[in-house]
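One letter stands for each residue in the lines below.
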Amino acid sequence: MVTTEVSTDWQVMSRDVLMFYVNGKKIVEESPDPETTLLSYLRVKLRLTGSKLGCGEGGCGACTVMISKWDPINNKIVHFSANACLALVVSVHGCAVTTVEGIGSTKTKLHAVQERLAKFHGSQCGFCTPGIVMSMYALLRNKPVPSVEDIEECLQGNLCRCTGYRPILSAFNTFIDSTAGCPMGAKCCKNKPIQNGNECRHRLCTKYNIGCSCFTGFPETSDKNLMRNDDPHASQLVCFSKYDPTQEILFPPDLLIESKSEDPKTLKFVGERVTWFRPTSLQQLVELKSIYPDAQLVNGNTEIGVEANVRGRHFKYIITPLDVKELKTISVDDKGVNIGSSCTISQIKEELQNFIDSGSFTKYQTQCLESLVEMIYWFAGDQIRNVAAIGGNIMTASPISDLNPILMANESIATFRLHSRAKDRQVLMDQSFFPKYRTTCAEKGEVLISVFLPFNTKDQYMKAYKQSKRREDDIAIVNSAMRVVFHPGTCKVLKFVAAFGGMAATSVMPEKTMQNMIGKEWNETLMKDVMIWLRKDLPLALDAPGGMVEYREALAASFFFKFFLCVRGNLVEKGLTTLEDDLKLQNLTTFKPTDAIHIPMSTRTWQDTTDGQPHDDMVGRPMQHASGDKHTTGEAVYVDDMPTFSDELYLCLVTSIRPHAYIKNVDISKAVACEGFVTYVDHRDVPGTNEIPIAGELCEVFATSKDAMHHQSYFDISKNVVHGDAITAMATCDHVIEGEVRIGGQEHFYLETQACIAVPKGEDGEIEMFCSSQDPSMLQRTTATLLGVEANKVVSRVKRMGGGFGGKETRFLVVSNPVAVAAHKCGKAVRCMLSRKEDMIITGGRQPFFANYKVGFMKDGKLVALILDLYGNGGNTLDLSGGVLGKAVIHSDNCYKIPNVLIHGKICKTNISSSNAFRGFGAPQGMLIVESWMTRIAQFLNMTQEKFRDLNMYKEEDVTHFNQKLESFQARRCWEEVIEKSNMVQRKEQIAQFNQQSRWRKKGIACVPTKYAIGFPYNWCHGGALVHVYTDGSVYLSHGGTEMGQGLHTKMLQVAGRCLGIPLSRIHICETSTVTVPNTRATAASFSTDLNGMAVKDACDTIMERLDPLRKQNPDLEWNDLITKAYNERICLSTTGYHKTPGMFSAWDAETGIVEGRTACYFSYGAAVSEVEVDCLTGDHVVLQTDIVMDVGRSLNPAIDIGQIEGAFVQGYGLFTMEEPLHTPGGHVITSGPGVYKIPGFGDCPRNFNVHLLRNAENDRAIYSSKAIGEPPLFLASSVFFAIKDAIGFAREESGLLGWFQLDSPATSELIRMACGDCFTKQHEQHTDPKVEKGVKSWSIRA
Ligand SMILES: Cc1cc2nc3c(=O)[nH]c(=O)nc-3n(C[C@H](O)[C@H](O)[C@H](O)COP(=O)(O)OP(=O)(O)OC[C@H]3O[C@@H](n4cnc5c(N)ncnc54)[C@H](O)[C@@H]3O)c2cc1C
Ligand code: FES
Ligand code: FES
């Protein structure tokens, strides 16, 4: 019944008071601002800083909280995870919010999720950790004994840039059903005796890493003593407390009583710019919409919230229909399913699955429901799915909506209501429903009530498909749903309905194709015709938004081909048709829509400590990260978590809206008019010397190295190397090949963006800087120069960073400089934390590289000569690009002996943001180039890749092209061990067999070694430390390195613990500061443990030397008594430590290219084998297995080192396969947030991930024989790149494309698909858009 009367006077209705609970505490807010997000309220108002701001657009999960509320429809309390950065605080009225602080704490007790995550080494920098904890916690509140699939699904919306995900999955898999038994059966680890051997004995099933009945082996205990860090058995057992779901915090009883007894109340909150309504009936809702026809109907706020947070839009009126029962229900009858427009994606998935499983409907009837449920698995992450509504998805009318194509293909009916109309309007969801970009056919003031999905009939088949850049939590590049109806009992098409997303400005139906197909037989002729028709129906202009036009066209064709094969399979099964020769059966069996859901498996092995090592000596043991418990409880403090100083100001950067322009004038009048505006700061306010480099005069917008090469635009620095006589030697070679390699850049995507607080002290020009920086001394120097004071007036402090990866080695200055100047100008504390978008636009990333190579070699495969021209894209300032290029040059041999080498390295000056340091510092780029031409030559010689590498690999005492003799060359050992451990030879055969049977899915495998040069330039090779021993025996330790997740402080504690002979619990590291250790070097180049570890040892040894006479006189004195005695005897208990690396000397004449001395202090080595499976029709791939053998010398801490290996590998995996910084032709950064720039997610972790630390690999050049580990393993991820190339090679063979082919890095799904080269890509290879001739550029460019 529709009425048209207005029942409430909404304008005069009084404002409500907001009431909700946080962690069991009632919060009452008299005048809440409807624009405030829940996250901002929690962090700023309630000072609950455990929930983090990583992106503000629902794309990283760092802000995850659990929301609980009473569900009056189903009469139960519901708990769900949500992104606090998108939820508006007013939307949680009447709810209970649980944050990471609410479930456990180091002061009381850690929750089981927190405890296990910390103990399984699942946190590094810790910035993502609270969000991950809360996702898992919300799952457990709904399902105390989850399955592996549940865990993977609940983590789809969380990102971690450090860990590589494996340890997190291992930790959480301990929650799975232990009664279900181990999937390993008799091979379960419980059946293996626990030996005193070298294996990781976490008492998990070593293969699956999950709990099973073998879990009885865990001492379930809450006895803290058993878990002490310094417990001698810590390396052998992971002990954790039992999870008892009955002990979970209760839904606030008062709130429950209130929610149950009272009907939902109509609400109105009024802010300065926004008024927010929550009607309680459909009548009220349509009324409101008639009064405010432009109001947004906000359910999940996942569209509108992103518009507000990222694009700065605000919406004057917001109406939330969440209390309108009719919009929240899903009903079913014999014709189909009716879904209320406010039903969330999670609710839809659950209820539709129940309908499907209920047995009340036949399989053919529910095909559309199955398509929807399958698609929802790939729709965003849980936090979004739990709040986002189907109505929001439909009405946003996004051209890449995942749901609309399914609704359209199924000829669904939308029902709209308008206040002034007597009857609801029902509209078929066809092409006319979406007349243009982000527009629906809804009339002004209309409310979408529901959508009806008719059941399918017996002669119908329906399927949906999606391809995105990342498998999980990513919007589609192209998606599609297709439905065919046959004349009963035949293969003759009665009707074909399809819709595609990502192929036009709206979800689009290929109408001519649909028309042409009527009456046709479902056979190969039709399939071929459809390819032509589809191309005509779905044309894409060369400059179409979204780019990748040829790939998108190929995808559309491939989706149809998949559907065609699937339907054919059904028709064959029904005996309605037979297979034709050229469509082999294998085609039909190789598509499994949810093939990425997997049980992760892993093994880790390392060298145990020697038997004689004292139990309380923690060196070499897998100690938990020193901040692990604080990470998981949200207690770890990052810059923006610090309480505000009195009168503190906030600084915002104003970026140019033109990427390439001179600033002539800045008009600040609009800013001045804003309430709260204090001042505008620019270069004129700099009291000291302004040394900010300014981009040179580039007259055109250009972004790529090739553009710069064309314009001869280079920085005035080059790196050349001459070794032997490559030109003469080249002439003597049996074969010479030439080619080019391109490797793209990479965004750091540290989870904590750049942040700084400057606090002027009010006298003598003193200022204190709190900054997320890898180089406190540079921060001090630069601030002093900028403010015109001496360095002794500036204190810089770094407690910890939420990830750095090189991006905070210099680029923190982008924030710290203006903040320091503003603080000086205003005389007040000033804070700034960049938004994700600002950070990604301004700070730059890894240098993209381009190389031209010419390699000479003999018939027998021996390398003779290399001539290489290397071009790094430095962007608009030089920054660290000189060093990055140098690193690429010296890694241009990787592990291979090349007798004659001639390298010219240049840095291109372009308009993109300045490139800077990034884990590996040019080495991964240099080594990828080597491995590219190595792969090509092996193929040319028809030699296996392994044999060719083996033949040319360095031997002990060989000399590199930069004239350094290789001592303790371990790459060959790693190489041989990994080939053996991974069973590579046998697997290669199995892969060949698989590929023979499978036309459209191909497997590939590759092994890659690495040799990584460790060391800074000579004058950087020093570290410092400070040790104070207090009279209670406690020790304060400070050293020159910063903690960014890499576990440096933990290792330093281990070193100090060994030297002082005391438990680590007695030693404390507070921060890195220029007042405790001055004149330090950046924490970079993986070298900080080596430098600072020796300095810590030096300081501790000094203390012990001073105590020595006393100890000898009083051998029985305990540490505390010894210290008291020493104090009374006036022995100095405070000292500094210093270390300079001996024997470092490198003379590199960049002009002549002659390098002498010791460029590398030593080398870290490793090798990896990866196996992948590629979907040749979409370009999608899965990493099936990765095995790594890594040389870390004698590991100081195997858990941390393995964490670094896994984390670096997954970061490298992103570099080589997925991450692609893009610019518009005009120079704007396109990839400015997690929505458009994809780093690997949980689902990208190799399914079987095995890491082994090389044993008996001593290193006399670093502390306790250890080796640097942060950067060296990153390059091993290129094994995935080459495995993909291997798989593509098999695919190309099927199409008769033999021989070598070019594959640039990253090997994205686009490049993979197009390289597979088959009949579908051929159609699209030659883009015939006439605009090409007119010089129209494609939508995006890769720098
Ligand atoms: C991180 C992230 C990942 C995402 N991933 C995906 C994905 O994989 N696939 C995908 O398709 N989408 C994805 N989205 C987009 C988004 O989540 C969906 O479109 C979602 O369904 C929107 O629902 P909502 O309730 O949050 O919309 P809201 O933001 O609350 O509203 C969106 C719009 O719909 C209108 N509206 C809502 N209900 C009605 C109604 N009843 N009548 C009239 N107008 C109405 C509102 O006025 C508003 O303009 C993603 C978004 C984010 C932030
Ligand atoms: S901060 Fe909320 S999802 Fe990233
Ligand atoms: S630990 Fe996950 S982002 Fe650093």
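Residues numbered from 1 in each chain as written. Chains lettered and ligands numbered in written order. Predicted model: local features only at pLDDT ≥ 70, side-chain atom pairs only at ≥ 80, totals over all residues. Heavy atoms only, no water.

Points about the overall build of the chain
For the chain, the count of helices and strands is 37 helices and 41 strands. Dimensions along the principal axes, computed over C-alpha positions, put the chain at roughly 95 × 80 × 75 Å. Within the chain, the proportion of its 1343 residues that are buried is 62%. A separation of at least 24 residues holds for 77% of the contacts in the chain among residues at least 6 apart in sequence. (Helix = DSSP H or I, 4+ residues; strand = E, 2+ residues; numbered from the N terminus. Buried < 20%, exposed > 50% of the residue type's maximum accessible area, 1.4 Å probe, protein only. Contact = heavy atoms within 4.5 Å.)

A look at the sheet that holds strand E34 (residues 1134-1140)
Taken together, the 4 strands give an open sheet; going across it, the order is E32-E31-E30-E34, and neighbouring strands pair in mixed fashion. Since the sheet does not close on itself, it has two edges, and those belong to strand E32 (1067-1069) and E34, each with one partner. With strand direction ignored, the average angle separating the axes of adjacent strands in the sheet is 25°. In terms of strand pairing, strand E30 (residues 1022-1029) meets E34 through 7 bridges, oriented antiparallel. In the sheet register, His 1028 faces E34, and the bridge partner there is Ser 1134. (Pairing = 2+ DSSP bridges. Axes fitted to C-alpha atoms, helices over the stretch in contact; angles between N-to-C directions.)

Here we look at the pattern of salt bridges
Proximity of charged atoms lets side chains of opposite charge pair with each other. Summed over all chains, the structure comprises 64 salt bridges. Close ionic contact of Arg 385 with Asp 382 constitutes a salt bridge, the shortest N to O distance being 3.0 Å. Here Arg 385 and its partner Asp 382 are both found in helix H12 (residues 382-385), 3 residues apart, which amounts to about one turn of the helix. Classification of Arg 385 by relative accessible area gives buried; the value is 1%. (Salt bridge = Lys/Arg side-chain N within 4 Å of Asp/Glu carboxyl O.)

Thoughts on the site of ligand 1
Near ligand 1 you find 31 residues, and of these Gln 296, Asn 299, Thr 302, Glu 303 and Asp 402 are the closest. Within the side chain of Thr 302, a nitrogen or oxygen atom sits 2.6 Å from an oxygen atom of ligand 1. Contact with the protein chains hides 91% of the accessible area of ligand 1, taken as 1,000 Å² for the molecule alone. Elements represented by at least two residues in the shell around ligand 1 include exactly strand E8 (296-297), helix H8 (304-311), helix H13 (390-396) and strand E14 (447-454). A total of 5 residues in the shell around ligand 1 trace back to one element, the largest contributor, which is H13. Here the shell around ligand 1 is built from residues that sort into 13 nonpolar, 12 polar and 6 charged. (Near = heavy atom within 4 Å. Polar contact = N/O pair within 3.5 Å; in protein donor to acceptor, adjacent residues only side chain to side chain. Areas by Shrake-Rupley, 256 points an atom, 1.4 Å probe, with all protein chains shown as cover. Nonpolar A, V, L, I, M, F, W, Y, C, P; charged D, E, K, R; others polar.)

Some details on the nonpolar core
Leu 38, Phe 172, Trp 522, Phe 560 and Trp 933 are the most contacted members of the largest nonpolar core, which totals 301 residues. Examining the composition of this core, we find that 14 residues originate from one element, helix H17 (residues 549-573), more than from any other. Residues within four places of Phe 560 in sequence aside, it is in contact with Met 482, Phe 496, Met 517, Trp 522, Met 527, Val 530, Met 531 and Leu 534. Judged by nonpolar contacts, the second largest core, of 34 residues, contains Ala 1095, Cys 1100, Ile 1103 and Leu 1196. (Core = buried A, V, L, I, M, F, W, Y, C linked by side-chain atoms within 4.5 Å.)

Side note on unusual backbone geometry
Of note, the bond from Ser 1305 into Pro 1306 is cis; its omega dihedral lies within 30 degrees of zero at 5°. Along the chain, Pro 1306 turns up in the loop between helix H35 (1278-1294) and helix H36 (1309-1316). Residue Asp 764 is not a glycine yet carries a positive backbone phi of 55°. The residue Asp 764 is located in the loop between strand E22 (755-760) and strand E23 (767-771) in this model. Despite not being glycine, Asn 1079 has its phi angle at roughly 55°, a positive value. Turning to its location among the elements, Asn 1079 is positioned in the loop between strand E33 (1072-1073) and helix H32 (1088-1113). We classify Asn 1079 as exposed; its relative accessible area is 58%.

Overview of H36
Every α-helix winds through 3.6 residues per turn, so residues three or four apart in the chain are directed the same way. Judged by how many residues are buried, H36 sits mostly within the fold: 7 of 8 residues are covered. Burial in H36 covers these residues: Ser 1309, Glu 1310, Ile 1312, Arg 1313, Met 1314, Ala 1315 and Cys 1316. After H36 finishes, the residue Gly 1317 shows a positive phi value of roughly 50°.

Description of the packing of helix H34 (residues 1198-1217) against H35
Across the interface, H34 lies against H35 with an axial gap of 8 Å and an inter-helix angle of 40°. In terms of orientation, H34 lies oblique with respect to H35. Residue-level contacts link Phe 1209, Tyr 1213, Phe 1216 and Thr 1217 of H34 to Ser 1278, Ser 1279, Val 1280, Phe 1281 and Ile 1284 of H35. Looking at the contact of H34 with H35 residue by residue, the classes come out as 6 nonpolar, 3 polar and no charged. (Parallel < 35°, antiparallel > 145°, perpendicular 65-115°, else oblique.)

Re the sheet that holds E8
Within the open sheet, the 4 strands sit side by side as E6-E7-E9-E8. Their pairing is mixed. Across the chains shown, the open sheet's two edge strands, defined by having one partner strand only, are strand E6 (267-270) and E8. Strand direction decides the pairing type here: E6 and strand E7 (residues 275-278), joined by 4 bridges, are antiparallel. The residue bridging Phe 269 from the neighbouring strand is Trp 276, located in E7. This element, helix H7 (residues 282-291), spans E7, E8 and strand E9 (317-319) of the sheet and lies at about 165° to E9.

Side note on the packing of aromatic side chains
Counting across every chain of the model gives 38 aromatic pairs. Pairing Trp 1000 with Phe 1320 gives two aromatic rings, centres 5.9 Å apart and planes at 45°, and the pair type is tilted. With a gap of 320 residues between them, Trp 1000 in the loop between helix H30 (984-997) and strand E29 (1001-1014) and Phe 1320 in helix H37 (residues 1319-1325) connect regions that are remote in the sequence. Every member of this aromatic cluster is reached through a ring pair, and the members are Tyr 461, Phe 486, Phe 496, Trp 522, Phe 560, Phe 563 and Phe 564. The aromatic ring of Tyr 638 is capped on one face by Arg 800, whose charged end is 5.7 Å from the ring centroid. (Phe/Tyr/Trp six-rings, centres within 6.5 Å; stacked < 30°, edge-to-face > 60°. Lys NZ or Arg CZ within 6 Å of the ring centre and 35° of its normal.)

Examining helix H24 (residues 813-826)
In this model, H24 (14 residues) spans 19 Å end to end at C-alpha, consistent with the 20 Å of a helix rising 1.5 Å per residue. Those residues of H24 lying buried are Leu 813, Val 815, Ser 816, Asn 817, Val 819, Ala 820, Val 821, Ala 822 and Ala 823. Close packing links the buried residues of H24 with E22, E23, helix H23 (776-787) and strand E25 (830-833). One or two steps after H24, the chain reaches Gly 827, where phi turns positive at roughly 65°. (Expected span 1.5 Å × (residues − 1).)

Description of the confidence of the model for the chain
Looking at the chain, pLDDT values average 91 and 92% of them are 70 or higher. In the predicted structure, residues 194-236 sits below a pLDDT of 50 and forms 115 contacts with residues beyond four places in sequence or in another chain. Note that residues 588-597 has pLDDT below 50 and, in this model, 23 contacts with residues that lie over four places away or in other chains. (pLDDT = per-residue confidence, 0-100.)

Structural notes on the environment of Asp 33
The topology assignment puts Asp 33 in the loop between strand E2 (25-29) and helix H1 (38-45). Exposure remark for Asp 33: the relative accessible area of 30% places this residue in the partly exposed category. Separated by 242 residues in the primary sequence, Asp 33 and Thr 275 have C-alpha atoms spaced 8.7 Å apart. Contact partners of Asp 33, with chain neighbours within four places excluded, come to Val 89 and Gly 271.

Topic: the pairing of strand E16 (residues 476-486)
Counting buried positions over the 11 residues of E16 gives 11, a clear majority of the element. Looking at chain direction, strand E15 (residues 460-468) and E16 are connected through 9 bridges and run antiparallel. Each residue of the ladder has a partner; that of Tyr 465, found in E16, is Ser 480. Pairing of E16 with strand E17 (residues 493-501) involves 8 bridges; the strand directions are antiparallel.

Re the pairing of E7
The alternating pattern of E7 places Thr 275 and Phe 277 on one face and Trp 276 and Arg 278 on the opposite face, and all of these are buried. Hairpin geometry of E6 and E7 is characterised by an intervening segment of 4 residues between the two adjacent antiparallel strands. Taken together, the 3 bridges between E7 and E9 define a ladder with parallel strand orientation. For Trp 276, the partnering residue across the bridge sits in E9 and is Ile 318.

As for the packing of helix H2 (residues 112-119) against helix H3 (residues 129-142)
With their axes 9 Å apart at the nearest point, H2 and H3 run at an angle of 130° to one another. Looking at the two axes, H2 sits oblique to H3. As H2 packs across H3, the resulting crossing turns out to be right-handed. Judged by residue contacts, Val 113, Gln 114 and Leu 117 of H2 engage Thr 129, Ile 132, Val 133, Met 136, Tyr 137 and Leu 140 from H3. Grouping the constituent residues of the contact of H2 with H3 by class yields 7 nonpolar, 2 polar and no charged. (Left-handed = near helix turned anticlockwise from the far one by under 90°.)

Focus on empty space enclosed by the protein
Scanning all chains against the criterion turns up 13 cavities of 30 Å³ or more. For the largest cavity, the calculated volume is near 250 Å³. Taken together, 23 residues form the lining of the largest cavity, with Gly 844, Gly 845, Ile 912, Pro 1221 and His 1223 sitting closest to its centre. (1 Å grid on protein atoms, 1.4 Å probe; cavity = no way out; pocket = protein on both sides within 12 Å on 5 of 7 lines; lining within 4 Å. Points joined across faces, edges and corners; volume = space filled by probe spheres on them.)

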